[in-house]
Each structure stands twice: as structure tokens, then as C-alpha cells.
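Single-letter residue listing:
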Amino acid sequence: MENDILYDIILIGDIMNLEKYKDEEIIFVTPNSTKLQILNDNSNLLLNIKYMSLDEYKKNYFFNYDNKTIDYLMSKYNYNLDFSKIILNNLYAIDLNKKYNSSKLIKLQQLKQDLIDNNLLIFNPLFKKYISNKKIIVYNYPMLEYYEKEMFKDAIIENLELKDIKTSVYHCLTLEDEVIFVIEKILELINKGVSLNNIVISNVSNEYLFTIYKLFSYYNIPITIDLNQSIYGTSIVQNYLKDKKLPGFVNPIVKKLVNVINSLVDIETSPNYDKFLIDTLKNTKINSVKYKESIKIVNDIPICDDNTYLFIVGFNQDILPKIHKDEDYISDSIKDEVGFDNSSIKNEKERNKILGIISNTKNIYLSYKDKNNFS
């Protein structure tokens, strides 16, 4: 199947140095976190680059949708909001000209045609012409589906080289022991003159937060938490949901709340409005407090340069690599028909993604625990 797609594979080390592309027009498809790293590493170069995330590229290449699209699915088909989004995200892989065997895929085909007939999918007819004369580089997306690779014919797609290395994994009895271990290693790095800005703690789930806040404050080590906490649980938002009245003052939370309200004006008369409001509030994040110098706490596992010290906590079985099960709306039995990876292939990709990051990170500390506060 993949032999039908033409694309170049280059190693991660080749792509970070962009000097060889300085005379070309480039579309760089990469996550925002990686974009910032690339900009920093190539700050001395004047480059003609357009950065896009995979999601942004896909919505331009295939189609986009808005609140009216979701509202239509909820009203006509009686889907809930989350399921409507699942349906729409599966429609990217559905080919209207293909004859499917699965009744579920045929239903998706009919849904897609229905949305098109009612002008509820947003197409960008100029995008394919725009990219036709550009060099496209896809970087740090190791989990691409087959239909997504079809967007990148003749593109350069990154590939993390799996190096044969030996990396220590530190065993801790409890979650608190693991956090103390991390602190001790960080103090050693600080004593060696390593900047706090060059230290990242990753794979930090919510179960770690209280212990990290508590123990790092004991040692007066500043941290920046980047875990995408929602404004939904704040008192300002909860009070607004009770009486629909904005407070008589302005702060960052109020500004975000106003932006959410303004973003929903196109469906303010819909019976589904309150569902949209709550969903959007839950997906609107509080800006992290940033210090001039601090350790960064993240949930994902970033790709780091040779000056960065990466700690991966919670390196436990079934946590890392992430386990994919046959629970998707399009099940494993019909995924091949539509160009989706089954759960077995996804799990192999997840494993290689983690191994790729570990084997390409010069300064790395891996740790796991026997138990947390609950198990």
C-alpha cells in the first residue's frame, strides 16, 4: 500500500539545519512545540518558510468544518457533540468515489455527501495550487495514517533514526520517591552550571502535579507547568454559567471567556448552544505562568537538542509507550478498507516513536515507580 506514495525520508539531524533550504520556498509541517525549537536553532537564517501544523494542513488540503457543521449533525442525526466530532474526523479518509463493503463506511460516505450538499464542509480550492511549487517538509509526525501520507506526495517526511544505545532506567518504589530522585538529579545539574531553562520533565500526568508542586517548592526550584488546564473549572466561568452575567472586571480568564462567547455567535439561537459553550470552555486553556528561568513540566515527550536535559517519569508498562486498543469508531476489521492503521500497527509506531526520542536524546533520565497513591 505504501509503495503507491512517493516521499523522501530524511534523518532528524539533517532537517534541523535549514541552511541548505535558504533559497527555496518551504512549507514546514510540524507541531507548534517543534516549530519553536526549529526557529530557535535557525535564528540566524533568513528563510522563506510557512509553518503549519498537521491539522491546519489537513483542513486546507481536504476540508474544514465549523460550529454549524457540528450543530447540523447533532440536530439531524441526534448525535452528541463529541460523537459528531469523531464522525467529522473520520470523514477525512472517506472517498466519495470508492465502493466500500462495510455498512459503517457506506454510512460515513452518505454523511459526507449530505454535508457537501448542504454546504457544511469548507473547502479551500486554491490550496493545492499554492503548494504545487513549494518544497514540503513534514517533521515530527511519526503516527501518520496512510490517507494523511497521500497529502505529502513528493514531500520530505522526517524519520527518527533508531540508534542502538544503552540507557539506564531508574527504579523507584513510590511516586514521591520518583519525584525526589528527579529533584536530586536536577540539583546535581544546577551545581554543574546547567540552566533551569535547559531542563524538561515530561510524561507528567495529573497524578504527579500535587507532589511536584509540593516538593519543588521545598527546594525553591521554579517550574513552568504546561499541562493545558481548562478555564472551565474556574469560579469566574462557573459563576457565568449560573447567571450568564460577565463580571465587572477584566482579567485573562474573563478575556478568554468573552472570546468563547464571541466564537459561538453563529449558533447562539441553536438548542445545542449550551452544549457548545461548555465544550468550548473545557477546551480553552489557562495560560501557564512563565518565569525568566524555570524548569518546564510537560505531558508529552518532546524532541530535545543536545543542550537540553530530558527527564521522562512514569516509564511504566502500559503508560509508555501508549497502548492503542481496538476501540475506535472504525474498528480494526475495516480499517484497511479506508486506509487507517490497525491497533497493532499503531502500537508498533508508538514504540518506535518513544525509542526514537530516547535514542536521539543525548541527556536523558528515565524513571518508573512501583506504585502511586492509588495502585
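Each chain carries its own residue numbering, running from 1 in the direction its sequence is written. With pLDDT at 70 or above as the cut-off, local features in this predicted model cover only qualifying residues; side-chain atom pairs require 80 or more to be listed or tallied, and sums for whole chains, interfaces and linings still use all residues. For side-chain calculations, the full set of non-hydrogen atoms in the structure is used, while hydrogens and water are omitted.

**Student:** Can you walk me through the overall build of the protein in this structure?
**Tutor:** Starting at the N terminus, helices and strands are each numbered in turn, a helix being any DSSP run of H or I of at least four residues and a strand any DSSP run of E of at least two. The helix and strand tally for the protein stands at 15 helices and 11 strands. In terms of overall size, the protein behaves like a compact globule, its C-alpha atoms giving a radius of gyration of 23 Å where 375 residues would be expected to give roughly 21 Å. Along the longest, intermediate and shortest principal axes, the C-alpha atoms of the protein span 65 × 60 × 45 Å. Note on contacts: a residue pair qualifies if any of its non-hydrogen atoms lie within 4.5 Å across the two residues. Considering only contacts within the protein whose residues lie at least 6 apart along the sequence, 75% involve residues at least 24 apart. With the model as given, the accessible surface of the protein reaches about 20900 Å², and the carbon-plus-sulfur share is 47%. A positive count includes Lys and Arg, and a negative count includes Asp and Glu. His and the chain ends are not counted in either. Each charge is placed at NZ for Lys, CZ for Arg, CG for Asp and CD for Glu. The distance from the centre of the 46 positive side-chain charges to the centre of the 51 negative ones in the protein is 4 Å. Using C-alpha atoms as the atom set, the radius of gyration is obtained and then compared with a globule rule of 2.2 Å times the number of residues to the power 0.38. Reported accessibility uses the Shrake-Rupley method at a 1.4 Å probe radius. Residues are deemed covered only where the shown protein chains occlude them.

**Student:** Is there a simple way to explain the pattern of salt bridges in this structure?
**Tutor:** Two side chains carrying opposite charge are able to pair once their charged atoms lie near each other. Here, a salt bridge means any side-chain nitrogen of Lys or Arg that lies within 4 Å of a carboxyl oxygen of Asp or Glu. Taken as a whole, this structure holds 13 salt bridges when the rule is applied. Lys134 is the salt-bridge partner of Glu25, the closest N and O atoms lying 3.9 Å from each other. Residue Glu25 is found in strand S2 (residues 25-29), and its partner Lys134 is found in the loop between helix H7 (127-131) and strand S4 (135-138); the two are separated by 109 residues along the sequence. Taking the relative accessible area as the measure of exposure, Lys134 reaches 16% and is therefore buried. For Asp328, the salt bridge is made with Lys346, and the minimal N-O distance between the two is 3.4 Å. Of this pair, Asp328 sits in the loop between strand S10 (309-312) and helix H14 (332-338) while Lys346 sits in helix H15 (residues 343-359); the two residues are 18 residues apart in sequence, bridging distant segments of the chain. By sharing partners, the salt bridges in this structure join Glu145, Asp328, Asp332, Lys335 and Lys346 into a single network. With a 1.4 Å probe rolled over the protein chains alone, any residue whose accessible area is under 20% of its type maximum counts as buried; one over 50% counts as exposed, and the rest are partly exposed.

**Student:** Which parts of the structure should I look at to understand the packing of helix H4 (residues 67-77) against helix H6 (residues 103-117)?
**Tutor:** Geometrically, a packed helix pair is captured by the angle between its two axes and the distance between the axes. In this analysis, axes come from line fits to C-alpha atoms, helices being fitted only over the stretch in contact, and the angle between any two N-to-C directions falls in the range 0 to 180 degrees. Between H4 and H6, whose axes approach to 12 Å, the crossing angle comes to 120°. What the angle tells us is that H4 and H6 run oblique. Where H4 crosses over H6, the two elements pack in a sense that is right-handed. Facing H4, whose interface residues are Thr69, Tyr72, Leu73, Lys76 and Tyr77, H6 presents Lys107, Leu111, Asp114 and Leu115. Ten residue types, Ala, Val, Leu, Ile, Met, Phe, Trp, Tyr, Cys and Pro, are classed as nonpolar, four, Asp, Glu, Lys and Arg, as charged, and the remainder, Gly among them, as polar. When its residues are assigned to classes, the contact of H4 with H6 shows 5 nonpolar, 1 polar and 3 charged. When an angle is under 35 degrees it counts as roughly parallel; over 145 it counts as roughly antiparallel; between 65 and 115 it counts as roughly perpendicular; any other value is oblique. Two helices that cross are described as forming a left-handed crossing if the nearer one is turned anticlockwise from the farther one by less than a right angle, and a right-handed crossing if clockwise.

**Student:** What should I look at first to understand the packing of aromatic side chains in this one?
**Tutor:** We describe a pair of aromatic rings using the distance from one ring centre to the other and the angle between the two ring planes. Ring geometry is summarised as follows: Phe, Tyr and Trp rings, the Trp one being its six-membered ring, pair when their centres sit within 6.5 Å, and such pairs are stacked at plane angles under 30 degrees, edge-to-face over 60 and tilted between the two. Applying the stated criterion to the full structure yields 17 aromatic pairs. Between Phe63 and Phe123, the aromatic rings sit 6.4 Å apart at their centres with planes inclined by 65°, giving edge-to-face as the arrangement. Taken together, the positions of Phe63 in the loop between helix H3 (54-61) and H4 and Phe123 in the loop between H6 and H7 put the pair 60 residues apart, joining distant regions of the chain. Given a relative accessible area of 1%, Phe63 falls into the buried group. Phe123 gets classed as partly exposed once you look at its relative accessible area, which sits at 45%.

**Student:** Explain the packing of helix H9 (residues 175-191) against helix H10 (residues 206-218) to me, please; I cannot follow it from the model alone.
**Tutor:** In the contact formed by H9 and H10, the axes pass within 10 Å of each other and the chain directions differ by 45°. Taken together, H9 and H10 sit at an angle that is classed as oblique. Two packed elements cross with a definite hand, and for H9 against H10 that hand is right-handed. Contacts between H9 and H10 involve Leu175, Glu176, Glu178, Val179, Ile180, Val182, Ile183 and Ile186 on the former and, on the latter, Glu207, Tyr208, Thr211, Ile212, Lys214, Leu215 and Phe216.

**Student:** I tried to follow the environment of Thr224 on my own but got confused; where do I start?
**Tutor:** Looking at the secondary structure, you find Thr224 in strand S8 (residues 223-226). As a C-alpha pair, Thr224 and Val250 span 26 residues in sequence and 24 Å in three-dimensional space. Not counting residues within four places of it along the chain, the set of residues in contact with Thr224 comprises Ser288, Val289, Lys290, Tyr291, Ser294, Ile295, Lys296 and Ile297. Any pair of N or O atoms that falls within 3.5 Å is considered a polar contact. Within protein, one atom must be able to donate a hydrogen and the other to accept it, and sequence-neighbouring residues count only if both atoms are side-chain atoms. Engagement of the side chain of Thr224 in a polar contact is seen with the side chain of Ser294, the distance being 2.6 Å.

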